[in-house]
Amino acid sequence: MATTIVIDPVTRIEGHLKIEAVVDDGVVKEARSSGTLWRGFEQILEGRNPLDAQRITQRICGVCPTAHSTASTLNLDSAFGIADKVPNNGRVLRNLIFGSNFLQSHILHFYHLTALDYVDVTAVAGYRGTDPDLNQVANFISNGNLAPFVPRYEGDYRLPKKVNIAATKHYVEALNMRRLTQEMLAIFGGHMPHNMSIMPGGVTEQVSVDKIADFRWRLEKVRHFIDNVYIPDVLAVAGVYDDYFGIGGGVGNYMAYGVFEMDQEPDLTKRKRFFPGGRVKMSDLKPMKLDPNRITEHVSHSWYKSDSKLHPSVGKTEAAHDKRGAYSWMKSPRYDNEVYEVGPLARQVNAYVRGEEPTVTLVNSVLGHFKADASALKSTLGRHAARAIEAKIVADEMAKWVLELAPGEPTMAVYDIPESGMGMGITDAPRGSLGHWITIKDHKIDNYQAVVPTTWNGGPRDDKGQPGPFEQALEGTKVRDAKNPFELVRIVRSFDPCLACAIHVVDAHDNDMGKFVVS
Ligand code: NFE
Ligand code: MG
């Protein structure tokens, strides 16, 4: 008999994701991913000074505000006609600030958002040893403080007790590593969350030898952690849960816009990025080009009455909370009406098929470790491995980029806000492809649209009825115990969903920040 498993909320932060899975004979027959909260950013921006986009869009999310500052600033660079004017210091500083956020986000995801699906933190409950971190965790649990460790299921923790204890110690160390990455971000970004310095024309912060030194010692500690703790922990988990190389693969189409600017070519589709933009399908592993004109957002299963299949440059967001057949506040972004997964796996697969180093060497080394071929990447563990590899690559490159900074040289270009214009800011956030589009009229924002990574991955069925990447990854999964659906949360969390980002919309009829009206 078919039963429906409802998991709500799914994520350990950024809560409002609901997953419903219809399970028949122990197998997921169909799944629905639903964003259950309604927020408001695109319409808040209408009528405002274009520069406000950098400030306001960062408030979409406290985890990846740097991604929104980057996308909004690329968007303004392009609308102001200054994309090729950013000085080299500005380019490098943007990469260092954004890179710091990548490291923070990837470490957060593995240790604090998903590791506890595999590591049994209760192994520390009776700990009576000399390690102060573990004593603190044991005290914390004995006082009944379970909040950061739940929701959790029972029945499939496979690591030996001493590995569970060591991994819990790493959970605490990872908090310190994230603090260091936030401090790195703040050295050139002003503060975190919501950096002050990535602005049109470059970065407002100046370069000094002291700041470079402050940045470098922190980065070296984080690199040491990634190489000696994070990557070994991912390999250890993957070794014991290796069936997850065959679970949760999903759509197998991967898209990246590309990230970390290597030059200041004004056309973002031609600009050289450290991780290249493009598309690839696991079925043939052939690199394909990306044309942002082919992106649309479908809304037939979303609570919006505005037209479906609009390009984001003319996008609209008009709510209809009682719309029949709709089940999410997320839209369904599509490329050529096809479903694409975005994120670290999509970026690394795109880099891999283009022969980019060090991706090729690192991916081959992980595949060799597990005696697997590239098809194993299309899986739950493939996403974790790609994210860990990416953290190492970004950290290692940042150590080189920071030495390119030139103290005393300019970091900004000057600009005027044009009376009218259009812009596009496409980049890759930690969780995948992020695009902002702007239209300026009378020196003010006339239209602003964001299409966000978790919207790509977590969106509902589209106008053709094609399920989104989360939904496809869940369908066909065997569920051993419907009361403890480990398989389903492990699959969805491997994407690193962020619903705060995914649901950034509000009724187009309402420009008042203080009052959101469902029409
Ligand atoms: Ni709120 Fe974000 C990232 C962006 S995900 S975390 O990474 O943009 O939709
Ligand atoms: Mg949007």
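Residues numbered from 1 in each chain as written. Chains lettered and ligands numbered in written order. Predicted model: local features only at pLDDT ≥ 70, side-chain atom pairs only at ≥ 80, totals over all residues. Heavy atoms only, no water.

Per-residue confidence for the chain averages 93 on the pLDDT scale, and 96% of its residues sit at or above 70. Confidence drops under a pLDDT of 50 for residues 506-519, and excluding neighbours within four residues, the segment shows 37 contacts in the predicted structure. (pLDDT = per-residue confidence, 0-100. Contact = heavy atoms within 4.5 Å.)

On to the sheet that holds strand β12 (residues 421-429), then. Taking strand neighbours across the sheet as the criterion, the three strands line up as β12-β13-β14 in an open arrangement whose pairing is antiparallel. Among the strands making up the open sheet, the edge pair consists of β12 and β14 (444-451). In this sheet, neighbouring strand axes are inclined to one another by 15° on average, regardless of whether the strands run parallel or antiparallel. By the bridge criterion, seven bridges tie strand β13 (residues 432-441) to β14 in an arrangement that is antiparallel. Among the inter-strand pairings, Gly 435 is bridged to a residue of β14, identified as Val 451. Along the sheet, helix α2 (residues 65-80) contacts β12, β13 and β14; its crossing angle with β12, the most-contacted strand, is approximately 150°. (Pairing = 2+ DSSP bridges. Helix = DSSP H or I, 4+ residues; strand = E, 2+ residues; numbered from the N terminus. Axes fitted to C-alpha atoms, helices over the stretch in contact; angles between N-to-C directions.)

As a further point, take the environment of Gly 26. Along the polypeptide, Gly 26 turns up in the loop between β2 (17-24) and β3 (27-35). Of the residues examined, Gly 26 reaches a relative accessible area of 29% and is grouped as partly exposed. For the pair Gly 26 and Gly 476, spaced 450 residues apart in sequence, the C-alpha separation works out to 9.5 Å. (Buried < 20%, exposed > 50% of the residue type's maximum accessible area, 1.4 Å probe, protein only.)

Axis separation between helix α3 (residues 88-114) and helix α9 (residues 380-401) bottoms out at 9 Å; the angle between their running directions is 150°. By the angle between their directions, the pair α3 and α9 is classed as roughly antiparallel. For the pair α3 and α9, the crossing hand works out as left-handed. Mapping the contact onto sequence places Val 92, Asn 95, Leu 96, Gly 99, Ser 100, Phe 102, Leu 103, His 106, His 109, Phe 110 and Thr 114 in α3 and His 384, Arg 387, Glu 390, Ala 391, Val 394, Ala 395, Met 398 and Trp 401 in α9. When its residues are assigned to classes, the contact of α3 with α9 shows ten nonpolar, seven polar and two charged. (Parallel < 35°, antiparallel > 145°, perpendicular 65-115°, else oblique. Left-handed = near helix turned anticlockwise from the far one by under 90°. Nonpolar A, V, L, I, M, F, W, Y, C, P; charged D, E, K, R; others polar.)

A word on the coordination of the nickel atom of ligand 1. Any two of four tetrahedral donors ideally make an angle of 109.5 degrees at the metal, while pairs among six octahedral donors ideally make 90 or 180 degrees. Every protein donor of the nickel atom of ligand 1 is accounted for by Cys 61 (SG), Cys 498 (SG) and Cys 501 (SG), and the metal-donor separations fall at 2.2 to 2.4 Å. Because the angles between the four donor atoms bound to the nickel atom of ligand 1 fall within 100 to 116°, the donor set is best described as tetrahedral. Within one chain, the residues serving as donors to the nickel atom of ligand 1 are arranged as C-x436-C-x2-C. (Donors = N, O, S within 2.8 Å, 3.2 Å for Na, K, Ca; no water. Tetrahedral: all angles 85-135°; square planar, octahedral: opposite > 155°, others 65-115°.)

Our next topic: the sheet that holds β2. With respect to topology, three strands assemble into an open sheet ordered β1-β2-β3, the strand pairing being antiparallel. Unpaired on one side and paired on the other, β1 (3-7) and β3 mark the two borders of the sheet. The sheet shows a mean angle of 20° between the axes of neighbouring strands, taken without regard to direction. Here eight bridges tie β2 to β3, and the two strands are oriented antiparallel to one another. Bridging from a neighbouring strand, Val 22 pairs with Glu 30 of β3.

Under the definition given, this model contains 24 aromatic pairs. An angle of 55° between the planes, with centres 5.1 Å apart, marks the rings of Trp 303 and Trp 329 as tilted. Placement of the pair is Trp 303 in the loop between β10 (295-298) and β11 (332-335) and Trp 329 in the loop between β10 and β11, with a sequence separation of 26 residues. In this structure, Trp 303 and Trp 329 share a single accessibility class: buried. (Phe/Tyr/Trp six-rings, centres within 6.5 Å; stacked < 30°, edge-to-face > 60°.)

Among the nonpolar cores identified, the biggest contains 148 residues, and Leu 96, Leu 103, Phe 215, Tyr 230, Phe 260, Met 398 and Leu 405 are the most heavily contacted of them. Among all residues touching Leu 96, those that are not within four sequence positions of it are Phe 188, Phe 215, Met 398, Trp 401, Val 402 and Leu 405. Counting 14 residues, the second largest nonpolar core, distinct from the first, contains Leu 74, Ile 295, Tyr 340 and Ile 426. (Core = buried A, V, L, I, M, F, W, Y, C linked by side-chain atoms within 4.5 Å.)

A few words now on helix α4 (residues 132-142). Listed as buried for α4 are Asp 133, Leu 134, Val 137, Ala 138 and Ile 141. Down the axis, α4 shows its buried residues gathered within 135° of arc, on one side only. Relative to its buried face, α4 has exposed residues pointing more than 90 degrees away, namely Pro 132, Gln 136 and Ser 142. Summarising the contacts, the buried residues of α4 are in contact with α5 (161-189). A positive backbone phi angle near 85° is found at Gly 144, which sits one or two residues after α4. (Arc of directions from axis to C-beta.)

Moving on to the environment of Glu 357. If you trace the backbone, Glu 357 turns up in the loop between α7 (344-353) and α8 (359-369). Residue classification places Glu 357 among the partly exposed residues on the basis of a relative accessible area of 45%. Spatially, the C-alpha atoms of Glu 357 and Phe 274 are 9.9 Å apart, while their sequence positions differ by 83 residues. At 2.8 Å, the side chain of Glu 357 forms a polar contact with the side chain of Thr 361. (Polar contact = N/O pair within 3.5 Å; in protein donor to acceptor, adjacent residues only side chain to side chain.)

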